[in-house]
Amino acid sequence: MKFFFTTFSFLAFAALADAQPDNMEVPGNPARLVAAEKTVFYKLGDRTLPIRIFQYGDQKNIVCINLHDNEKTSVEAAKAVLELNGGTLIKIENNDQRVVHFRLRGINYAFDPNGIFSREGIEKTLKENSSLNPLAIKEIEKFAQRLLQLIPGNTSCIVALHNNTDEDYSLTTYLSGNERQHDAKAVYKASMQDADDMIFTTDSLLFKKMADHGYNSIWQDNMHVTQDGSLSVYCGENGKRYLNIETEHGKFDQYTEMLGKLLAILTEENKKSLPQYGKDSE
């Protein structure tokens, strides 16, 4: 393994299938979990922003979060994987847009919801998308805190769901000599994978395990990463395990494969952490 260290039909059958309850096990097919859904309505200035929460089964320590509502492939892939594995999905409903717009005291503001988990990040994203105002900063800080409150304290890994555009943002961004080389402690470039498809994590063990399975992998330098208000930086600073799965828009199969592998790794870890009962422990 090569690492780059940086400073960085039958219609009858179809009808029968349609008639089956979603959670009924069909011979040859695994049973699928049906999500329990709820919506949290958050008042952001003059706007009410829905946050939808999907709970698949009893698995509550693996949480997927989607902050950009225009990155649909990641969400659809996550739902397909969670139906089989269980877990929680949290997503912002934002009219299929990346940037969130709201109005406060007659003034319009806009921000990237993956840049709001620090004061520096909020100021940066407000400057880039609208204008700075102390009241708007406080309003966004409260929204960020509410999002974080929705993630259970016993979460073993926060899984961020993202998609990108071809050659716009990729593993190459973090290689030596490129824009974000100093944000990465280590980079693994898989010879058989598109550079746009990758994982980005705060955790050295998850970095190694996903790289061992042949996926482009980046280990964030939690001590020296640029403070941009992103969820990965927040998690790195606060000792929270985080992994972002990123593919190009439309790569549903690639996304489900990578997320499925990650959840298998996390599930195996969770099993090993449970108390073992048997003759040896009596």
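Residues numbered from 1 in each chain as written. Predicted model: local features only at pLDDT ≥ 70, side-chain atom pairs only at ≥ 80, totals over all residues. Heavy atoms only, no water.

In this section: the overall build of the chain. Across its full length, the chain carries seven helices and twelve strands. By the burial criterion, 49% of the 282 residues in the chain qualify as buried. With an accessible surface of roughly 14,400 Å², the chain has 50% of that area assigned to carbon and sulfur atoms. (Helix = DSSP H or I, 4+ residues; strand = E, 2+ residues; numbered from the N terminus. Buried < 20%, exposed > 50% of the residue type's maximum accessible area, 1.4 Å probe, protein only. Areas by Shrake-Rupley, 256 points an atom, 1.4 Å probe, with all protein chains shown as cover.)

Time to look at the packing of helix 2 (residues 72-85) against helix 7 (residues 252-273). At a minimum axis distance of 9 Å, the contact between helix 2 and helix 7 shows a crossing angle of 45°. For the element pair helix 2 / helix 7, the angle class is oblique. Relative to helix 7, the crossing made by helix 2 is right-handed. Where helix 2 approaches helix 7, its residues Thr73, Ser74, Glu76, Ala77, Ala78, Ala80, Val81, Leu82 and Asn85 are matched on the opposing element by Phe252, Tyr255, Thr256, Leu259, Gly260 and Leu263. Per-class residue counts for the contact of helix 2 with helix 7 are nine nonpolar, five polar and one charged. (Axes fitted to C-alpha atoms, helices over the stretch in contact; angles between N-to-C directions. Parallel < 35°, antiparallel > 145°, perpendicular 65-115°, else oblique. Left-handed = near helix turned anticlockwise from the far one by under 90°. Contact = heavy atoms within 4.5 Å. Nonpolar A, V, L, I, M, F, W, Y, C, P; charged D, E, K, R; others polar.)

Most often, soluble globular proteins keep nonpolar side chains buried together rather than apart. Formed by 44 residues in total, the largest nonpolar core has its most connected members in Ile116, Phe117, Phe143 and Leu231. Here this core takes seven residues from helix 4 (residues 134-149), the largest share from any one element. Core analysis: the second largest hydrophobic core is formed by 26 residues, Phe54, Ala78, Leu89 and Leu262 among them. (Core = buried A, V, L, I, M, F, W, Y, C linked by side-chain atoms within 4.5 Å.)

Averaged over all residues, the pLDDT of the chain equals 89, while 87% of them reach at least 70. Segment residues 4-26 is flagged for pLDDT under 50; beyond a separation of four residues in sequence, or across chains, it makes 31 contacts in the model. Note that pLDDT drops below 50 for residues 276-282; the model gives that stretch two contacts with residues more than four away or on any other chain. (pLDDT = per-residue confidence, 0-100.)

Overall, the coordinates contain eight aromatic pairs when judged by the stated rule. Centre to centre, the rings of Tyr174 and Phe200 are 5.3 Å apart; their planes meet at 40°, and the pair counts as tilted. With Tyr174 in the loop between strand 8 (157-164) and strand 9 (184-188) and Phe200 in strand 10 (residues 198-201), the pair connects residues that are 26 residues apart, well separated along the chain. Through a chain of ring-to-ring contacts, three or more aromatic side chains come together here, namely Tyr42, Phe102, Tyr109, Phe111 and Phe143. (Phe/Tyr/Trp six-rings, centres within 6.5 Å; stacked < 30°, edge-to-face > 60°.)

Take helix 4 next. The terminal C-alpha atoms of helix 4 lie 23 Å apart, and with 16 residues this matches the ideal 22 Å at 1.5 Å per residue to within 8%. Within helix 4 the residues assigned to the buried category are Ala136, Ile137, Glu139, Ile140, Phe143, Ala144, Leu147 and Leu148. The distance from a side-chain oxygen at the start of helix 4 to the backbone nitrogen of Leu135 is 2.8 Å, and the residue carrying that oxygen is Asn133. (Expected span 1.5 Å × (residues − 1). Polar contact = N/O pair within 3.5 Å; in protein donor to acceptor, adjacent residues only side chain to side chain.)

Our next topic: the layout of surface pockets. As a volume, the largest pocket reaches approximately 800 Å³. Forming the walls of the largest pocket are 33 residues, and the residues nearest its centre are Arg98, Asn114, Tyr169, Arg180 and Asp228. For the lining of the largest pocket, the elements supplying multiple residues, two or more each, are helix 3 (119-129), strand 8 and strand 12 (242-248). A total of five residues in the lining of the largest pocket trace back to one element, the largest contributor, which is helix 3. Within the lining of the largest pocket, the residues separate by chemical class into five nonpolar, 17 polar and eleven charged. (1 Å grid on protein atoms, 1.4 Å probe; cavity = no way out; pocket = protein on both sides within 12 Å on 5 of 7 lines; lining within 4 Å. Points joined across faces, edges and corners; volume = space filled by probe spheres on them.)

Another point: the pairing of strand 11 (residues 217-220). A regular strand carries its side chains on alternate faces of the sheet. Burial along strand 11 is two-sided: the face carrying Ser217 and Trp219 and the face carrying Ile218 and Gln220 are both buried. Pairing between strand 9 and strand 11: four bridges, direction antiparallel. Following the sheet pairing, Ala186 is matched in strand 11 by Trp219. Here three bridges tie strand 10 to strand 11, and the two strands are oriented parallel to one another. Its bridge partner being in strand 11, Thr201 is matched across the sheet by Trp219. For the segment spanning strand 10, helix 5 (residues 204-212) and strand 11, crossover handedness is right-handed. (Pairing = 2+ DSSP bridges. Right-handed = clockwise from strand over helix to strand, strands pointing away.)

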